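# Survey of secondary and tertiary structure
Each chain is listed here by its residues.
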Amino acid sequence: MIEGRPMISAVIPLYNEEENIPELCRRLVDVLDSMGARYEILFVDDGSTDGSYARLVEIKRENENIKIVKFRRNFGQTAAIHAGFDYAQGEIITTLDADLQNDPQDIPDMIMKLNDQDLDVVCGWRYQRRDKLHKKIMSRFANGLRRRLTGETIHDSGCTLRVYRKESVRDLDLYGEMHRYIPALLTWRGFRVGEHKVVHHKRYRGQTKYNWRRLTRGFFDLMVVAFWQRYSFRPVHIFGILGFILAAVGGVIVAYLILEKFIFGAQLADRPLFISSILMAIMGVQFITTGILADIMVKIYYGQKERKNYLVENVV
């Protein structure tokens, strides 16, 4: 190993990947050894119910560069990546899936691009995906929607293979399925994000954990990310505008109907428009109040102590 080079932390979240662990370790160790860098391989066992943890402990005995973080139960891939960021010691962090669809051979080129182009993050772009057709269609739709809502321009937000500078992911809040939107969150924070075309393989062994539930949760998390990018510091701006519009429209309609009653003697009690205008005015006031309360909650959020979205059983 060459002293003076930045240490590399390879973070691998996994859940029930017992069959893939030995081959993944072999390939990853070969790549990292060939780079001549100091490194650690940090496996985050997301509550596996098969023999994944036992297999990791067995491999750990053969390689002192391997570390294991074991969750008490399954908290999800985002929580596992979050824990990997927290426990990683390297100045450069690379993340990849445990199913061997990501190729460790791409890591050196991504790190080189990170340094040569003075980037903070390099995201993998699976430009030739080896997945089933329905996954490709859903991914293309999700990526298009993400780019439209967040303004972030990378092609493939679903690719776990990425390279980060440690400082870019420090104090990053992740939950739900938000690991997909880390590039958007980092772009919003002012970090420089690039992408690199990577090789994509078919799953080596085992079953995919991707399903429609994760897709649905990811969609709602995207809504949160888009809102957070625009209004996180002053949510009253969106709630206040909506509230003002509703209250103004409702007030104008009420004023018109009252004027009509005094001039033409029109009845108000049996007119749905009158009731609707009153409701609009009330809703407008409620939106404004919600905006003020959201502002207060944001201040509390930024002032609260650090909290984690996972529980660690032990660290090896």
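Quick look at the structure, then. Everything quoted here is computed from the prediction, not taken from an experiment. (Residues numbered from 1 in each chain as written. Predicted model: local features only at pLDDT ≥ 70, side-chain atom pairs only at ≥ 80, totals over all residues. Heavy atoms only, no water.)

With that settled, consider the side chain of Thr-94. For Thr-94, the location among the structural elements is in strand S4 (residues 92–95). Accessibility expressed as a relative area gives 0% for Thr-94, which makes it buried. A distance of 3.1 Å separates a polar side-chain atom of Thr-94 from the backbone oxygen of Arg-162. Not counting residues up to four positions away in its chain, the partners in contact with Thr-94 are Ile-8, Ser-9, Ala-10, Val-11, Ile-107, Leu-161, Arg-162 and Val-163. (Helix = DSSP H or I, 4+ residues; strand = E, 2+ residues; numbered from the N terminus. Buried < 20%, exposed > 50% of the residue type's maximum accessible area, 1.4 Å probe, protein only. Polar contact = N/O pair within 3.5 Å; in protein donor to acceptor, adjacent residues only side chain to side chain. Contact = heavy atoms within 4.5 Å.)

The phi torsion at Asn-16 lies on the positive side, around 55°, for a residue other than glycine. The topology assignment puts Asn-16 in the loop between strand S1 (8–14) and helix H1 (21–35). On the basis of relative accessibility, which here comes to 22%, the residue Asn-16 falls in the partly exposed class. At Asp-118, a position not held by glycine, the phi torsion is positive, near 50°. Tracing the chain through its elements places Asp-118 in the loop between helix H4 (107–116) and strand S5 (121–125).

This next bit is on the pattern of salt bridges. Scanning the model with the defined rule gives 7 salt bridges in all. Note that Arg-55 and Glu-18 form a salt bridge whose closest N and O atoms lie 3.7 Å from each other. Here Glu-18 lies in the loop between S1 and H1 and Arg-55 lies in helix H2 (residues 52–60), a separation of 37 residues in the sequence. Classification of Arg-55 as partly exposed rests on a relative accessible area of 26%. Here Glu-23 ties to Arg-27 by a salt bridge, and the two come within 2.8 Å at their closest N and O atoms. With Glu-23 and Arg-27 both in helix H1 and 4 residues apart, the pair spans about one turn of that helix. For Arg-27, a relative accessible area of 24% translates into the label partly exposed. Overlapping salt bridges, with partners in common, bring together Glu-23, Arg-26, Arg-27 and Asp-30 in one network. (Salt bridge = Lys/Arg side-chain N within 4 Å of Asp/Glu carboxyl O.)

Bringing the nonpolar core into the picture now. In this structure, Ile-12, Leu-32, Ile-41 and Phe-43 are the most contacted members of the largest nonpolar core, which totals 34 residues. The set of elements that each furnish at least two residues to this core consists of S1, H1, strand S2 (39–45), H2, strand S3 (66–71) and H4. The greatest single-element share of this core, amounting to 8 residues, is contributed by H1. What Phe-43 contacts, discounting residues up to four positions off in sequence, is Ile-12, Leu-14, Leu-24, Cys-25, Leu-56, Ile-66, Lys-67, Ile-68 and Val-69. Of all hydrophobic cores here, the second largest spans 23 residues; its members include Phe-71, Ala-79, Ala-83 and Ile-182. (Core = buried A, V, L, I, M, F, W, Y, C linked by side-chain atoms within 4.5 Å.)

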